[in-house]
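Single-letter residue listing:
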Amino acid sequence: TAPVPSTDTKKETSADVGDFGAGIKKEASVGTGDGPKPCCGCLGRDTIANAAATVGPAVVNLAVPRGFQGLTVGKSMGSGTIIDPNGTILTCAHVVVDFQGLSSSSQGKVDVTLQDGRSFEGTVVNADLHSDIAIVKIKSKTPLPTAKLGSSSKLRPGEWVVAVGCPLSLQNTITAGIVSCVDRKSSDLGLGGMQREFLQTDCAINTGNSGGPLVNIDGEVIGVNIMKVLAADGLGFSVPIDSVSKIIEHFKRSGRVVRPWLGLKMLDLNDMIVAQLKERDPTFPNVSTGVVVPMVTPGSPGERAGFRPGDVVIEFEGRPVGSIKEIIEIMGDKVGKPLKAVVKRANDISVILIVIPEEANPNI
């Protein structure tokens, strides 16, 4: 008869598992010299901790007194990130500038507290209300910790990210999650005005996190935390760092963000939209890509240039275009300069239009 398994089998099983685990550790440590490390691109035990430790010292708490009819009625609290040794702090405009009808008692001054306990008086240097991005400056006789700016252009949904800040005035708070969407449109969130794009994450974001950094697992800043949906958990939004970098360049050149305005409502085309438009109107031009103009604002630069509803922009300033983002990048800050657009109209008629952008009203 075959022997009946006993507790010895359990011992053998646990020994096998232990040997297997030991084998993994031995293999992982071969050639490293520093003990086991996660493979490139893998999430290890210390990955998030290391990312937080890299950026943490550069994350600051911001406090701005708020007043009403000469009385101080509280403080606006938020977070920020030191991005250069000269004491430049990146944050949200709504943290340091009045958005709610309450006047600031600080007259552009901000109380800045570092993770190591040092405190400074900062000055609001630049603020763009449309993008909700601002720059605060502090001066220090001793070295300041800084964070490295990364890139948001190649982010994909599902990548791990870390949010750092001071939610509810609780300094040095770290939350982790993933990127839920890389190009959430402002119109998707019910926000009017000019189109903006946000990174959507499921990191825990609360009051006081505003202005703090969103970082990748390398500890690089890839976004600025800006808001959350109050009625839902796991819906936080950040301004992509590539957009923020362009805003900072505008601040350096002009002291403000210059945005050209054409007065055209635009929509990116794809095969599905083209098929639907041709079904509605058989004379719709035979295009596979481009930017369609469904509406032209009366009295706008676009109308003066001769744009009509239904036009499809296929070329802008000599470059083929397939998205609104490409047109915006080509325009840059070219206000008052003639720009050439090639459009296609019904029955494949091609027309060249010259449009002169105006500066957009920041309040629209």
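Sequence order as written defines the numbering, with residues in each chain counted from 1. Local features in this predicted model are restricted to residues of pLDDT 70 or higher, and side-chain atom pairs are both shown and tallied only at a pLDDT of 80 or more, whereas totals for entire chains, interfaces and linings draw on every residue. Side-chain figures throughout are based on the complete set of non-hydrogen atoms in the structure, without hydrogens or water.

Examining the overall build of the protein chain
And step 1. Helix and strand assignments follow DSSP, with helices taken as H or I runs no shorter than four residues and strands as E runs no shorter than two, numbered in order from the N terminus. Helices and strands together make up the secondary structure of the protein chain, namely 7 helices and 21 strands.
And step 2. The buried share among the 364 residues of the protein chain stands at 39%.
And step 3. Across the protein chain, every contact between residues at least 6 apart in sequence was considered, and the portion connecting residues at least 24 apart equals 58%. Partly exposed residues are those whose accessible area sits between 20% and 50% of the maximum for their type, while under 20% is buried and over 50% is exposed, using a 1.4 Å probe and protein chains only. In this analysis, two residues are considered to be in contact whenever any of their non-hydrogen atoms come within 4.5 Å of each other.

Thoughts on the confidence of the model for the protein chain
For residues with low pLDDT, the predicted coordinates do not support detailed interpretation.
And step 1. Every residue gets a pLDDT, meaning the predictor's confidence in that residue, from 0 to 100. Taken as a whole, the protein chain shows an average pLDDT of 82; of its residues, 79% reach a score of 70 or greater.
And step 2. Predicted confidence is poor over residues 1-33, with pLDDT under 50, and the contacts of this stretch with residues over four places away or in other chains come to 2 contacts.
And step 3. Predicted confidence is poor over residues 100-105, with pLDDT under 50, and the contacts of this stretch with residues over four places away or in other chains come to 14 contacts.

Side note on the pattern of salt bridges
And step 1. By convention in these notes, a salt bridge is any Lys or Arg side-chain nitrogen within 4 Å of a carboxyl oxygen on Asp or Glu. In this structure the tally under the stated criterion is 11 salt bridges.
And step 2. The closest approach of N and O atoms between Glu220 and Lys148, which form a salt bridge, is 3.5 Å. One end of the pair, Glu220, is in the loop between β11 (213-215) and β12 (221-228); the other, Lys148, is in the loop between β7 (133-137) and β8 (160-165), and 72 residues separate them in sequence.
And step 3. In this structure Glu220 comes out as buried when scored by relative accessible area, which is 19%.

With respect to the pairing of β8
And step 1. Taken across its 6 residues, β8 has 5 buried, putting it largely inside the fold.
And step 2. For two strands to be treated as a pair, DSSP must find no fewer than two bridges joining them. With 6 bridges connecting them, β8 and strand β9 (residues 173-185) associate as antiparallel partners. Looking at the pairing, Ala163 lines up with Thr175 of β9.
And step 3. One ladder, built from 2 bridges, connects β8 with β11; its direction is antiparallel. Residue pairing for β11: Ala163 is matched across the bridge by Leu214.

Some words on the nonpolar core
And step 1. Put simply, a nonpolar core is a bunch of buried Ala, Val, Leu, Ile, Met, Phe, Trp, Tyr and Cys residues held in one set by side-chain atoms that sit within 4.5 Å of each other. Core analysis: the biggest nonpolar cluster contains 40 residues, and Leu90, Val96, Val112, Leu114 and Val244 have the highest contact counts within it.
And step 2. The element that contributes the greatest number of residues to this core is helix α4 (residues 241-254), accounting for 5 residues.
And step 3. Excluding anything up to four places from it in sequence, Val244 contacts Leu90, Ile133, Val224 and Val239.
And step 4. Ranked by size, the runner-up nonpolar core spans 20 residues in total, among them Ala305, Ile330, Val351 and Val355.

Remarks on the pairing of strand β6 (residues 119-128)
And step 1. Two elements, strand β5 (residues 109-113) and β6, share 5 bridges in a ladder whose sense is antiparallel. When the sheet's bridge partners are listed, Asp111 is paired in β6 with Glu121.
And step 2. Joining the antiparallel neighbours β5 and β6 is a turn of 5 residues, in which Gly117 adopts a positive phi near 100 degrees.
And step 3. Where β6 lies against β7, 5 bridges are found, and the strand directions are antiparallel. When the sheet's bridge partners are listed, Asn126 is paired in β7 with Ile135.
And step 4. Turn length for the β6-β7 hairpin, with the two strands adjacent in sequence and antiparallel, is 4 residues, and the turn residue Asp132 shows positive phi of about 65 degrees.

Some remarks on α4
And step 1. Taking 1.5 Å of rise per residue, 14 residues should cover 20 Å, and α4 covers 20 Å from first to last C-alpha, within 8% of that figure.
And step 2. For α4, the full list of buried residues reads Ile241, Val244, Ile247, Ile248, His250 and Phe251. Down the axis of α4, the buried side of the element spans an arc of 165 degrees, and every buried residue falls inside it. Pointing more than 90 degrees away from the buried face of α4 are the exposed residues Lys252 and Arg253.
And step 3. One or two positions beyond α4, positive phi appears at Gly255, with a value near 80 degrees. The span expected for a helix works out to 1.5 Å for each residue beyond the first. In this description, one arc is meant: the one made by directions from the helix axis to the C-beta atoms.

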